[in-house]
Amino acid sequence: MALNSFCAVANSKYKKEAAFLIYSIRAFYDHPILLYCDVDTRQYLKVFGFRNIFYRDHLNQSKLGEINQKVVNVKRHNEFHSPEYIYLKMDAMEEAISNFGNTLFVDSDICIVRPIANDMPIDDLGLSPHYSERNYVKSTISFGIFNAGYVYAQNKEVPQEWKHIYLNESKFYEQEGMYKLMNKFKF
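Presented here is an overview of the structure given in this document. (Residues numbered from 1 in each chain as written. Predicted model: local features only at pLDDT ≥ 70, side-chain atom pairs only at ≥ 80, totals over all residues. Heavy atoms only, no water.)

## Describing the packing of helix H1 (residues 15-26) against helix H2 (residues 39-46)
Close contact between H1 and H2 brings their axes to 10 Å; oriented N to C, the two are set at 45°. Compared by their axis directions, H1 and H2 come out oblique. Of the two elements, H1 crosses H2, and the hand of that crossing is right-handed. Residues Lys-15, Lys-16, Ala-18, Ala-19 and Ile-22 of H1 form the contact with H2, whose participating residues are Asp-40, Thr-41, Tyr-44 and Leu-45. Considering only residue class, the contact of H1 with H2 consists of five nonpolar, one polar and three charged. (Axes fitted to C-alpha atoms, helices over the stretch in contact; angles between N-to-C directions. Helix = DSSP H or I, 4+ residues; strand = E, 2+ residues; numbered from the N terminus. Parallel < 35°, antiparallel > 145°, perpendicular 65-115°, else oblique. Left-handed = near helix turned anticlockwise from the far one by under 90°. Contact = heavy atoms within 4.5 Å. Nonpolar A, V, L, I, M, F, W, Y, C, P; charged D, E, K, R; others polar.)

In structure tokens, the structure reads:
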């Protein structure tokens, strides 16, 4: 696996976390970062002088209103997760793959603490286990076996299929149904 890019989604509520994410990526990589964000977040992050960032102001009322119609049937489990922002994860990933060949999607609250192994034999997709609670079995049943906070892909069909699973088959936002990606893609 030769990683070509990163992508993320960040809003003004989490712009400080996004800055820390970018800072942590820049500690190890100069790769392009495609960031779907709002205008406030873009303006905040530009002050840091980060290089090789491609901002897309897709977190605006018009775009979110359009996406709201697409996620109308997604069950809202809490006030923390935004179905609209989650939807944009897959859009960002698809654009990054189109522009850079492959990408690692990372949630804006992720911190890269060491280089990511470049010698892993990954084909279309790279998934990571989800470890969030002490009761792993209960957590896996409720939230899924994979973590949607960091996902590698080089096949443009991955984010399209992930979006389909999110909108139609997953029991907990985009994460619980991720195991279904294993049936369609090499990983």
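## Some details on the pairing of strand E4 (residues 103-106)
Burial along E4 is two-sided: the residues Thr-103 and Phe-105 and Leu-104 and Val-106 are all buried. Of the strand pairs in this sheet, strand E1 (residues 6-10) and E4 are connected by two bridges, and their pairing is parallel. Its bridge partner lying in E4, Cys-7 is registered against Phe-105. (Buried < 20%, exposed > 50% of the residue type's maximum accessible area, 1.4 Å probe, protein only. Pairing = 2+ DSSP bridges.)

## Points about the sheet that holds strand E5 (residues 125-126)
Strand order in this open sheet of six strands is E3-E2-E1-E4-E6-E5, and the pairing throughout is mixed. Each of the sheet's edge strands pairs with one partner strand only, and the pair in question is strand E3 (53-56) and E5. The strands touched by H1 within the sheet are E1, strand E2 (33-37), E3 and E4, with E2 carrying the most contacts at an inclination of about 175°. The strands that helix H4 (residues 83-100) touches are E1, E2, E3, E4 and strand E6 (150-153); relative to E1, the one it contacts most, it runs at about 155°.

Shape descriptors only; they carry no functional weight alone.
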